[in-house]
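Close look at the chain arrangement
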2 protein chains.
Amino acid sequence: MPMSDIYSRMTERSMQEPTLLLLTALADAPRHGYSLIQEIAKISDGRVKVRTGTLYSALDRLLQQGLIRIERDEVIDGRARRTYALADAGRATLAAEADRLRAVVAEADRRLSTIRPTARGALA
Amino acid sequence: MPMSDIYSRMTERSMQEPTLLLLTALADAPRHGYSLIQEIAKISDGRVKVRTGTLYSALDRLLQQGLIRIERDEVIDGRARRTYALADAGRATLAAEADRLRAVVAEADRRLSTIRPTARGALA
DNA sequence: CTATATATATCGCTCATCGGCATATGGCGT
DNA sequence: ACGCCATATGCCGATGAGCGATATATATAG
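Residues numbered from 1 in each chain as written. Chains lettered and ligands numbered in written order. Predicted model: local features only at pLDDT ≥ 70, side-chain atom pairs only at ≥ 80, totals over all residues. Heavy atoms only, no water.

**Digging into the interface of chain A and chain B**
- The interface is formed by 29 residues belonging to chain A together with 29 residues belonging to chain B.
- Contact with chain B buries area across many residues of chain A, yet V104, R111 and L112 of chain A alone supply 22% of it, more than any other trio.
- Linking chain A to chain B there are eight salt bridges.
- Here D109 of chain A and R102 of chain B are joined by a salt bridge, their closest N and O atoms 2.5 Å apart.
- When residues of the side of chain A that touches chain B are assigned to their parent elements, the largest contribution, 14 residues, is made by helix α5 (residues 88-112) of chain A. (Contact = heavy atoms within 4.5 Å. Buried area = accessible area lost by both parts, 1.4 Å probe. Salt bridge = Lys/Arg side-chain N within 4 Å of Asp/Glu carboxyl O. Helix = DSSP H or I, 4+ residues; strand = E, 2+ residues; numbered from the N terminus.)

Listed below in structure tokens is the structure:
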């Protein structure tokens, strides 16, 4: 009995930033792969430059999960172009993710602003 | 020449949720490992139950990166206890992470609330 | 002719996280 | 006495999202 049979996926890991930005980029309008890379860079103020390896495997995964769907396939100027759209499930997932993150960020802010009794030179 | 020599860490990946919650849990007071697990569960409303494997390797990594430091080592009721504190660099990193996430969440909200011309049955 | 932009796709590798296990003490129930 | 749970730390193999690189192809600019 191989280990791979014992170890099976139980938890859905929390979404990472590239995926979050990908869903965000699709939230207002359908887009094709290449334009998503640019849109994600724009949203993140140039911080996140998603590689094609990340992008296309993420698109496959999200299609599989039903969070996005293929809107249409075209040929523009001799180049194939596949346009993706956010599915209802993806919209719900993104909204839930935003809520979760909002809560965590609020908690981080709250804790960061607490007066710490161990702070050096404080309580003067 | 093995592949492992070609492939070397270039980018710092964006922080994942367990790590974010770990830093958040340390933001208001120093805590020891086991209590961090409970604090993280509390912060995330029971959603994130960090495994000890995740926790202690994360603590090692964050120590290495200088984001946290060992506050003290004690023996309480015969049990070893190591208490960690958020370092200045960790405090700055957490604040920056919160800012980034706030921006992404705001953008997601903005896009989720846009009226989409392709929406079915809309514009009545 | 050669970059650069547009566009999609695949492959090997890394690392944070996961699940499980090991170890040890103290307290509580039976 | 024995098991179970909470407390507490730590290691190890497996998983999978993301990364870097590469391949392929067309159009446009220099």
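**Some words on the environment of L67 of chain A**
Residue and element names in this part refer to chain A.
- Mapped onto the secondary structure, L67 falls in the loop between α4 (52-64) and β2 (68-76).
- Taking C-alpha positions, L67 is 7.7 Å from T93, a pair spaced 26 residues apart along the chain.
- Beyond its immediate stretch of four places on either side in the chain, L67 contacts L62, L86, A87, A89, G90 and T93.

**A word on the relation of the copies chain A and chain B**
- Rotating chain A by 180 degrees and translating it 0.0 Å along the rotation axis places it on chain B, where the RMSD comes to 0.0 Å. Viewed as a symmetry operation, the transformation between the two copies matches a two-fold axis.
- By residue overlap, the copies meet face to face through one surface: 100% of the interface positions of chain A are interface positions in chain B. (Least-squares fit on C-alpha atoms with pLDDT ≥ 70 in both.)

**Structural notes on the pattern of salt bridges**
- Across all of its chains, the model carries 29 salt bridges over all chains by this definition.
- For R31 of chain A, the salt bridge is made with D28 of chain A, and the minimal N-O distance between the two is 3.2 Å.
- Look at the salt bridges and you will find they share partners, linking D28, R31, E39 and K42 of chain A together with E107, R110 and R111 of chain B into a network.

**Re the pairing of strand β2 (residues 68-76) of chain B**
Residues and elements named next belong to chain B.
- Summarising the sheet, β2 and strand β3 (residues 79-86) pair through eight bridges and their orientation is antiparallel. Counted as the bridge partner of R72 is T83 from β3.
- Between β2 and the antiparallel strand that follows it, β3, lie two residues; D77 among them carries a positive phi value of about 50 degrees. (Pairing = 2+ DSSP bridges.)

**A closer look at the sheet that holds strand β1 (residues 31-32) of chain B**
- Ordered by their spatial adjacency, three strands build an open sheet running β1-β3-β2 (chain B), and the pairing between neighbours is antiparallel. Taken across any chain shown, the strands that pair with only one partner, and hence form the sheet edges, are β1 and β2 of chain B.

**Some remarks on the nonpolar core**
- Among the nonpolar cores identified, the biggest contains 57 residues, and L22, I68 and L94 of chain A together with L22 and I68 of chain B are the most heavily contacted of them.
- The contact partners of L22 of chain A, leaving out residues within four places of it in the chain, are L36, I40, L55, A58, L59 and L62 of chain A. (Core = buried A, V, L, I, M, F, W, Y, C linked by side-chain atoms within 4.5 Å. Buried < 20%, exposed > 50% of the residue type's maximum accessible area, 1.4 Å probe, protein only.)

**Some thoughts on the sheet that holds strand β1 (residues 31-32) of chain A**
All names here are of chain A.
- If you walk across this open sheet you meet the three strands as β1-β3-β2, and the pairing is antiparallel. Bordering the open sheet on either side are β1 and β2, each of which pairs with just one other strand.
- Lying on the sheet, α4 is in contact with β2 and β3 (79-86); it crosses β2 at an angle near 130 degrees. (Axes fitted to C-alpha atoms, helices over the stretch in contact; angles between N-to-C directions.)

**Some remarks on α4 of chain A**
All names here are of chain A.
- With 13 residues, α4 extends 18 Å between its outermost C-alpha atoms, agreeing within 8% with the 18 Å of an ideal straight helix rising 1.5 Å per residue.
- The complete set of buried residues in α4 reads L55, A58, L59 and L62. Down the axis, α4 shows its buried residues gathered within 105 degrees of arc, on one side only. Summarising the geometry of α4, the exposed residues directed more than 90 degrees from the buried face are G53 and Q64.
- Each element contacted by the buried residues of α4 is listed here: α2 (17-26), α3 (33-43), β2 and β3.
- Backbone geometry just after α4 places G66 at a positive phi near 75 degrees. (Expected span 1.5 Å × (residues − 1). Arc of directions from axis to C-beta.)

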